[in-house]
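Listed below are the residues making up each chain.
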Amino acid sequence: MATGNINVSVENIFPLIKKFLYSDHEIFLRELISNATDATLKLKHLTSIGEVGVAYGNPVIEIKVDKEGKKLHIIDQGIGMSSDEIEKYINEVAFSGAEEFLEKYKDSAKDSGIIGHFGLGFYSAFMVAEKVEIISKSYNEDTPAAHWTCDGSPQFTLEAHDKTARGTEIILHIAEDSTEFLEDSRINELLVKYNKFMPIPIKFGTKEETLPLPEDAAEDAKPETVTIDNIINNPTPAWTKQPADLEDEDYKKFYRELYPAQFEEPLFNIHLNVDYPFNLTGILYFPKLGNDMNMQKDRIQLYQNQVYVTDNVEGIVPEFLTMLKGVIDSPDIPLNVSRSYLQADGNVKKIASYITRKVADKLSSLFKSNREDFEAKWNDIKIVIEYGMLSEDKFFEKSEKFTLYPSVDGTYYTYAELHEKIKDVQTDKDGKTIILYASNKDQQHSYIEAAKEKGYEVLLLDSPIVPHLIQKLESSKENISFARVDTDHIDNIIKKDEEAISKLSDEEKESLKTTLTEVVPAEKYTVQLEAMDSSASPFMITQPEFMRRMKEMQQSGGGGMFGNFPEMYN
Ligand code: ADP
Ligand code: MG
């Protein structure tokens, strides 16, 4: 039996690790399962390149709760460690065996999916355990098994053990303040949160399964129930597969796996898959959004090598796309040791612009391949597109191809089509094209009707960010101006037909005008009796466009869910 000191320069690093390294104690399990996964993936890699003579088989990782003994066991059938290796990898804090492995097998192992790299994960066990044991048997058959014990002080013991099965068992003696981790339900919750898509099967207890009856079963036959391993994860989630191998139904199935409580089906998906200049895979889904800009609780999840990291993807995914759902997985996203905070880094910016481009390309291709379907979905996706147009110039440029402008009558125009249609009819004296729109079909009904009677096209732009979008469009497109149907701007349009006949006599007009001007504040509104001559309404009250816009901007405060829109104040 050997005893010795753990090789760290700080006299007592454990209290430090315990308190400060990871703010979230629960991640110890993710770290230990990541190590067990790495150990198994290393074995898989070594057998695949013929470096070792053992068969890989079907290794699983097992988690066992021993409530009476106050112990939690994490057992793998991976590569194992000799006592020398334990000295090297475990006793040297911040020396990563995962990094060493990747360095050694650089060319062949770069896609092996090895997770670890800080050489600190193992010690997170001491956040919840007062004592930790490692019992390990190397894949190398001549090497005896080893047993390491440490009570959280820098002293450890290392001795021989009689374990014969290949692999490692980590035993945590759970501390008094962490007994929650002896509850099956709590462990299950953690496994589902962090390990649901990890690449090696993870067993937690057993479950009963009822076998389907064979087709020729007798009428009174009872279905047979068997006890099987309870495997908590899907080792090959859809995003790790090739798009060509997946059907529409597979994507929908994965969506349900990802968000079991979500009943609404996604509208479409975008499969991300790039390995240069950074590695990133994932699937994004467009949910049905309508005009709802509120963040849903089912957010995009970030993984690294199939290990769940966070559902706060701020900074990686452009803000306007955080309304989407799905997963992204990238080992190239730099995270600090607690993996919870992103650093602003070149790769991250490239990732954000890659995602933006992929989303724009997908929208373009959906529009091109099936315009009818795209139009049908428009109302549910427009908020993301409009917000993207406002916040990302690259996206704004690309959006020209697929952004739709629906009329109040349900015709969908692209910008080019709209412009072509109205350019000769709706111009003001300066030759500017006036785009008319309504924001509420019911409230602005009579104005809409009046404009239509004059042969004008009225759009229905009803999402909450439309005032900002209009500002953006007016400043980036030549010679156009938007006017809401109930504003006085509409009069700037040069009427082709000046000789409209009023339904009211001059006398009637005068008395109506007197009555109306008494009740309508003149500094805010204009009363027009002639404007609607050819329509069913006898008069119209309009508000100067600039006043209406000012009020709208103040109301939306340029803020809300997504912070400020600085461009609107330019
Ligand atoms: P990292 O995973 O970042 O390398 P850790 O502190 O999590 O750092 O683990 C340190 C090293 O200990 C690993 O790289 C690995 O070499 C070794 N190790 C830890 N757990 C196991 C295990 N279950 N089986 C084999 N080796 C392990
Ligand atoms: Mg690790």
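The name that an unreviewed UniProt entry assigns to the protein chain is Molecular chaperone HtpG, with the source organism given as Kordia aestuariivivens. UniProt annotates the protein chain under Sequence similarities (unreviewed entry) with the comment "Belongs to the heat shock protein 90 family."

This part is about the overall build of the protein chain. Counting its secondary structure elements, the protein chain contains 15 helices and 21 strands. A buried classification covers 35% of the 570 residues belonging to the protein chain. Considering only intrachain contacts with a sequence separation of at least 6, the fraction spanning at least 24 residues in the protein chain is 67%.

Moving on, we get to the sheet that holds strand β14 (residues 325–329). Taken in spatial order, the five strands make up an open sheet running β10-β11-β14-β12-β13, and their pairing is mixed. The sheet terminates laterally at β10 (268–274) and β13 (307–310), the two strands that pair on one side only. On average, each strand axis in the sheet is inclined to that of its neighbour by 20 degrees, with strand direction left out of account. This element, helix α8 (residues 346–369), spans β10 and β11 (280–286) of the sheet and lies at about 135 degrees to β10.

This part takes up the site of ligand 1. Ligand 1 sits among 22 residues. The nearest are A39, S96, G97, G116 and G121. Listing elements by their share of the shell around ligand 1, those giving two or more residues are α2 (27–48), α3 (83–90) and α4 (97–104). Per-element tally for the shell around ligand 1: the top contributor is α2, with five residues. Looking at side-chain class alone, the shell around ligand 1 contains 10 nonpolar, nine polar and three charged residues.

Now for the pairing of strand β3 (residues 71–75). Because side chains alternate across β3, one face comprises the buried residues L72 and I74, and the other comprises K71, H73 and I75, none of which is buried. Looking at chain direction, strand β2 (residues 61–66) and β3 are connected through five bridges and run antiparallel. By the bridge assignment, K64 is partnered in β3 with H73. Hairpin geometry of β2 and β3 is characterised by an intervening segment of four residues between the two adjacent antiparallel strands and by a positive phi of about 55 degrees at K70. Both β3 and strand β7 (residues 167–174) contribute to a ladder of five bridges, which runs antiparallel. When the bridges of β7 are listed, L72 appears paired with L172.

Attention shifts here to the pairing of strand β6 (residues 155–161). For a regular strand, the rule is simple: side chains alternate between the two faces of the sheet. In this sheet, β6 lies alongside strand β5 (residues 145–150) in antiparallel orientation, the contact comprising six bridges. Bridge assignment links W148 to a residue of β6, and that residue is L158. The hairpin turn running from β5 into β6, its antiparallel successor, is four residues long, and G152 in that turn takes a positive phi close to 95 degrees.

This part covers the packing of α2 against helix α6 (residues 184–195). Contact pair α2 / α6: the axes reach a minimum separation of 10 Å and the direction vectors enclose 60 degrees. Comparing their axes, α6 and α2 come out oblique. Relative to α6, the crossing made by α2 is right-handed. Residues L29, R30 and I33 of α2 touch α6, and the partners they reach there are L190, Y194 and N195. In terms of residue class, the contact of α2 with α6 is built from four nonpolar, one polar and one charged.

Below, the discussion takes up the sheet that holds strand β18 (residues 458–460). Spatial ordering of the open sheet is given by β18-β17-β19, a layout of three strands whose pairing is parallel. At either margin of the open sheet sits one strand with a lone partner, and together these are β18 and β19 (480–484). This sheet shows a mean twist of 40 degrees between the axes of neighbouring strands, independent of strand direction. Pairing of strand β17 (residues 433–438) with β18 involves three bridges; the strand directions are parallel. Pairing of A438 across the sheet is with L460, part of β18.

So, about unusual backbone geometry. Peptide bonds are trans in most cases, and residues, glycine excluded, mostly fall at negative phi. The omega torsion of the bond from Y276 to P277 falls at 5 degrees, within 30 degrees of zero and hence cis. Here P277 shows up in the loop between β10 and β11. Positioned with a positive phi, N305 is a non-glycine residue whose angle comes to about 50 degrees. Mapping N305 onto the fold places it in the loop between β12 (301–304) and β13. Phi is positive for N479, close to 60 degrees, though the residue is something other than glycine. Position of N479 among the secondary structure elements: in the loop between α13 (466–476) and β19.

With that settled, consider the packing of helix α9 (residues 371–391) against α13. Contact pair α9 / α13: the axes reach a minimum separation of 10 Å and the direction vectors enclose 45 degrees. One way to sum up the angle between α9 and α13 is to call them oblique. Between α9 and α13 the crossing geometry is left-handed. Along its contact with α9, which presents E386, M389 and L390, the element α13 presents H468, L469 and K472.

Next up on the list: the environment of Y412. Locating Y412 in the fold gives a position in strand β16 (residues 412–413). Sequence separation of Y412 and K452 is 40 residues, and the distance between their C-alpha atoms is 16 Å. Setting aside anything within four residues of it in sequence, one finds Y412 in contact with E375, W378, L404 and P406.

What follows concerns the confidence of the model for the protein chain. Averaged over every residue, the pLDDT of the protein chain is 85; residues scoring 70 or more account for 85%. Predicted confidence for residues 337–341 stays below pLDDT 50, and this span has 10 contacts to residues more than four positions away or in other chains. Here residues 497–501 is modelled with pLDDT under 50, and outside its nearest four sequence neighbours on either side it reaches three contacts, counting other chains as well. Among the prediction metrics, the complex's ipTM stands at 0.99, with pTM recorded as 0.82.

The subject of this paragraph is the environment of K325. Relative to the assigned elements, K325 resides in strand β14. Take K325: there are 21 C-beta atoms within 10 Å of it, and that puts it in the buried class. Counting along the chain gives 27 residues from K325 to D298, while the straight-line C-alpha distance between them is 6.8 Å. With residues up to four places along the chain from it excluded, the contact list for K325 reads Y259, P266, Y285, P287, D298 and I300.

Each value, and the rule that gives it
- Residues numbered from 1 in each chain as written.
- Chains lettered and ligands numbered in written order.
- Predicted model: local features only at pLDDT ≥ 70, side-chain atom pairs only at ≥ 80, totals over all residues.
- UniProt positions renumbered as here; feature names shortened; annotations may be inferred.
- Helix = DSSP H or I, 4+ residues; strand = E, 2+ residues; numbered from the N terminus.
- Buried ≥ 20, exposed ≤ 12 C-beta atoms within 10 Å, placed from the backbone.
- Contact = placed C-beta atoms within 7 Å.
- Pairing = 2+ DSSP bridges.
- Axes fitted to C-alpha atoms, helices over the stretch in contact; angles between N-to-C directions.
- Near = placed C-beta within 6 Å.
- Nonpolar A, V, L, I, M, F, W, Y, C, P; charged D, E, K, R; others polar.
- Parallel < 35°, antiparallel > 145°, perpendicular 65-115°, else oblique.
- Left-handed = near helix turned anticlockwise from the far one by under 90°.
- pLDDT = per-residue confidence, 0-100.

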